[in-house]
Amino acid sequence: LAPEGLRTVADFPDFDANGDAEALYNAMKGFGSDKEAILDLVTSRSNGQRQEIRSAYKSLYGKYISTWIRIISISLFIRYIYFTEQSCLYKRLGAGTDEKCLIEILASRTNQQIHDLVAAYNDAYGRDIEQDIIGDTSGHFKKMLVVLLQGTREDDGVVHEEVIEEDAQALFAAGEEQWGTDESIFIMLLGNRSVTHLQLVFDEYQKIAEKSIEDSIKSELSGDFERLMLAVVQCIRSRPMFFAKRLYKSMKGLGTADNTLIRIMISRSEIDMLDIRECFRLRYEKSLHNMIQDDTSGEYKRTLLKLCGGDDDIAGEFFPEAAQIAYKMWEISAMTKVQLRGTVHPISDFDPGSDAQDLRKAMKGFGTDEDTIIEIVAKRSNEQRQEIRHVFKSILGRGAGTDEHALIEILVTRSNQEIQDMCAAYKKAFKKNLEDAIRSDTSGHFCRILVSLAQGARDEGPADMGRAEEDAQALADACNAESDEMMDKFMSILCTRSFPHLRRVFQEFVRCSNKDIEQIIKKEMSGDIKNAMYAIVRSVKNQPSYLADRLYKAMKGLGTDDRALIRIMVSRSEIDLFNIRKEFKDTHDTSLHDFIQVEALVVSVALLVSRWHRPWSV
């Protein structure tokens, strides 16, 4: 059982099983039912207490309580090991296996929970779960499931310090270092070593491979086996974060995966729901409470909200596990060496005059030759498109412009050299300084932030650990200062320090304040100032992820922010669009390609005629 502070459901004091059974009977008899009373009672009793109420109810009234209560409350009265694992697995095995359910359960449970699951499965169905899994799965996926089903992972405290580096090297040699993959090494190590030991192995692996173990698994494995191994790694790093991701995916998009949502909310409410809530907010910038509120309704929603236990959008400090996760996330961000990869490269035998003429023909007269437009503009580098533009401009001319979101995105994500080139191009095109234009169109702290960024003078060196600790403490102290003083301190650090240094600053900020820098910005700032500071933090943490989020927001909901979509797709296609695609898929569980498919023609036509071509986008 989890420590009292991490659960949202615990033993109810002065518990009386017979009294609760009688209260439930009274709430359900006659016409209608007192739904609020039922939900208040069943969600404020622990799983063990609910089983006692269930038995008492049958003794008092000679019937099962499940006759009266809807499915969500029924599930609370059934032993959660049956509801979350055994019943789920039995439904899935044989009649079309739900691999995601299998993966979630076997990757996330402790040895004892797995032993209880095996016994409960046999008790309910008179069958051996291992034999059912063997009969319904195959290959390396089957082998890893069987290993996990033994429930023989080493205890968390067991660390073999003498073989940490050796294990990391073995994983590297089994995958990245050779042609093909030796899956047996991954199965043996990830299926048997302790959680604590593997966390140290993953750190060592990062140093050897210069990439995370997750990225290696994605590049070396595939299918259900890849998804299972990723789930195992995610649970080793942090079970609360793993479940936060599962909850998010159960509710995002059209419809709700009710079985997943119910299973996790019930099974984790007495274990680590507070940490799951914090991890949810940390990753998705929205509280679990609010997402449940938006995605469900009726008694179902009220029950889930009670299990959730509170709204973290109004919370401040981290819960213990979440603080460790936040600190580790910044550490991983600081250690990771990301190889940026574009998707567009210059073509050979380039002829801008011929391309310009072909484009003109494709767009004149009745209809449009979309295939020709796409073929040309999507397969030329930015420099080549500029040459086409100069030729094309003699035929068609276009204007320029921008907005605050574009200003923030561009100034935050560009390097010093890119910003300096942009300023020079802006002056050449419009005969005035970019800084003067910013001052005339913006004001206050927001203006000062943009002007600071537009200098293109951000530090470019590595992190200075001593200074990082000082900067982190200065930011923590500023959180308690007056608004103007807080803004001055945040701006002086966030707008001038190098990104590697800021990663360490934000990591140390967690240690010295036990708070999340992103949440502080969202809570204490507003408007364009908040957007600018938040963009800096997101870019420091993971710039491809920030830009993937910008793309998602440009397309979701009614209508499309065509300018943002075009600007990012075009400007990043030669830099890191491959990385952005990966982050988009990881976060939103769908490919960027599928998401923008309906916008393909808009993007292609606009590449030459839209405002991104002006110096703002250099």
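Remember, predicted model here, so these are calculated numbers, not experimental data. (Residues numbered from 1 in each chain as written. Predicted model: local features only at pLDDT ≥ 70, side-chain atom pairs only at ≥ 80, totals over all residues. Heavy atoms only, no water.)

**Section: the overall build of the chain**
- Across its full length, the chain carries 36 helices and 0 strands.
- Burial statistics for the chain: of 618 residues in total, 50% are counted as buried.
- Within the chain, residue pairs in contact and separated by at least 24 positions form 76% of the contacts whose partners lie at least 6 positions apart.
- Taken as a whole, the chain presents about 28100 Å² of accessible surface, with 48% of it coming from carbon and sulfur. (Helix = DSSP H or I, 4+ residues; strand = E, 2+ residues; numbered from the N terminus. Buried < 20%, exposed > 50% of the residue type's maximum accessible area, 1.4 Å probe, protein only. Contact = heavy atoms within 4.5 Å. Areas by Shrake-Rupley, 256 points an atom, 1.4 Å probe, with all protein chains shown as cover.)

**Quick look at the environment of Ser194**
- When you line up the elements, Ser194 lands in the loop between helix H11 (183-192) and helix H12 (195-209).
- Spatially, the C-alpha atom of Ser194 lies 7.1 Å from that of Val159, the residues being 35 residues apart in sequence.
- Once residues lying within four places of it in the same chain are set aside, the contact partners of Ser194 are Arg153, Glu154, Asp155, Asp156 and Val158.
- A polar contact of 3.0 Å, which involves the side chain of Ser194, links it to the backbone nitrogen of His197. (Polar contact = N/O pair within 3.5 Å; in protein donor to acceptor, adjacent residues only side chain to side chain.)

**Considerations on the packing of aromatic side chains**
- Under the criterion given, the structure shown has 10 aromatic pairs.
- Between Phe280 and Tyr284, the ring centres sit 5.3 Å apart and the planes meet at 55°, which makes this aromatic pair tilted. Separated by 4 residues within a single helix, Phe280 and Tyr284 lie in helix H17 (residues 273-284), roughly one turn from each other. Across the pair, exposure class does not vary: Phe280 and Tyr284 are buried alike.
- An aromatic cluster is defined as three or more aromatic residues linked by ring pairs; in this entry it consists of Tyr248, Phe280 and Tyr284. (Phe/Tyr/Trp six-rings, centres within 6.5 Å; stacked < 30°, edge-to-face > 60°.)

**What about the pattern of salt bridges?**
- Enumeration over the complete set of coordinates arrives at 28 salt bridges.
- Residue Arg127 is joined to Asp132 by a salt bridge in which the shortest nitrogen-to-oxygen separation is 2.8 Å.
- Owing to a relative accessible area of 40%, Arg127 belongs among the partly exposed residues under this scheme.
- On the basis of relative accessibility, which here comes to 14%, the residue Asp132 falls in the buried class.
- Here Asp488 makes a salt bridge to Arg448, at a shortest N to O gap of 3.1 Å. Residue Asp488 is located in helix H29 (residues 483-494), and its partner Arg448 is located in helix H27 (residues 444-454); the two are separated by 40 residues in the primary sequence. (Salt bridge = Lys/Arg side-chain N within 4 Å of Asp/Glu carboxyl O.)

**Concerning the packing of helix H8 (residues 129-136) against helix H9 (residues 139-149)**
- H9 packs onto H8 with a crossing angle of 170° between their chain directions and a minimal axis gap of 9 Å. Looking at the two axes, H8 sits roughly antiparallel to H9. Residue-level contacts link Ile129, Glu130, Ile133 and Ile134 of H8 to Lys142, Leu145, Val146 and Leu149 of H9. (Axes fitted to C-alpha atoms, helices over the stretch in contact; angles between N-to-C directions. Parallel < 35°, antiparallel > 145°, perpendicular 65-115°, else oblique.)

**A word on the confidence of the model for the chain**
- When the pLDDT values of the chain are averaged, the result is 81; 80% of them are 70 or greater.
- Across residues 1-5, where pLDDT falls below 50, the model places 7 contacts with residues more than four positions away in sequence or in other chains. (pLDDT = per-residue confidence, 0-100.)

**A closer look at helix H34 (residues 577-588)**
- Spanning 12 residues, H34 covers 16 Å between terminal C-alpha atoms, matching the ideal 16 Å at 1.5 Å per step.
- All of the buried residues along H34 are Leu577, Asn579, Ile580, Glu583, Phe584, Thr587 and His588. Projected down its long axis, H34 shows its buried positions confined to an angular sector of 150°, all on one face.
- On its buried side, H34 packs onto helix H15 (239-251), H17, helix H32 (527-555), helix H33 (562-572) and helix H35 (592-596).
- Just downstream of H34 lies Asp589, where phi reads positive at about 60°. (Expected span 1.5 Å × (residues − 1). Arc of directions from axis to C-beta.)

**Observations regarding unusual backbone geometry**
- Even without being glycine, Asp14 reaches a positive phi, approximately 55°.
- Among the structural elements, Asp14 can be located in the segment before helix H1 (17-28).
- Of note, Asp349 is a non-glycine position whose phi angle comes to about 55°, a positive value.

**Digging into the nonpolar core**
- Core analysis: the largest hydrophobic core is formed by 70 residues, its most contacted members being Leu106, Met144, Leu190, Ile217, Leu228, Met265 and Leu288.
- It is helix H14 (residues 223-237) that provides the largest number of residues to this core, a total of 9 residues.
- The contacts of Leu190, once residues within four sequence positions are left out, are Met144, Arg153, Leu171, Leu198, Phe202, Ile217, Met229, Val232, Val233 and Ile236. (Core = buried A, V, L, I, M, F, W, Y, C linked by side-chain atoms within 4.5 Å.)

**Let's talk about the packing of H27 against H32**
- One can describe the packing of H27 onto H32 by two numbers: an axis separation of 8 Å at closest approach and a directional angle of 35°. Pair H27 / H32 crosses with left-handed handedness. Contact residues: H27 offers His445, Phe446, Ile449 and Leu453, while H32 offers Asp528, Ile529, Ala532, Met533 and Ile536.
- The residue inventory of the contact of H27 with H32, partitioned by class, reads 7 nonpolar, 1 polar and 1 charged. (Left-handed = near helix turned anticlockwise from the far one by under 90°. Nonpolar A, V, L, I, M, F, W, Y, C, P; charged D, E, K, R; others polar.)

**A few points about the environment of Asn382**
- Mapped onto the elements of the fold, Asn382 is located in helix H23 (residues 382-392).
- Judged by relative accessible area, Asn382 falls into the partly exposed class, the value being 32%.
- With 188 residues separating them in the primary sequence, Asn382 and Val570 have C-alpha atoms 7.7 Å apart.

**As for helix H26 (residues 434-441)**
- Residues Leu434, Ala437 and Ile438 constitute the buried set of H26. Down the axis of H26, the buried side of the element spans an arc of 100°, and every buried residue falls inside it.
- Residues of H26 that are buried in the fold lie against helix H24 (404-413), helix H25 (416-430) and H27.

**Focus: the side chain of Ser545**
- Mapped onto the fold, Ser545 is located in helix H32.
- With residues near it in sequence (within four places) discarded, Ser545 still touches Arg538 and Glu583.

**What to know about the state of the cysteines**
- Under the counting rule described, the total for this entry stands at 0 disulfides.
- Between Cys479, a free cysteine, and Cys512, which holds the nearest cysteine sulfur, the sulfur-to-sulfur gap is 8.9 Å. (Disulfide = S-S within 2.5 Å.)

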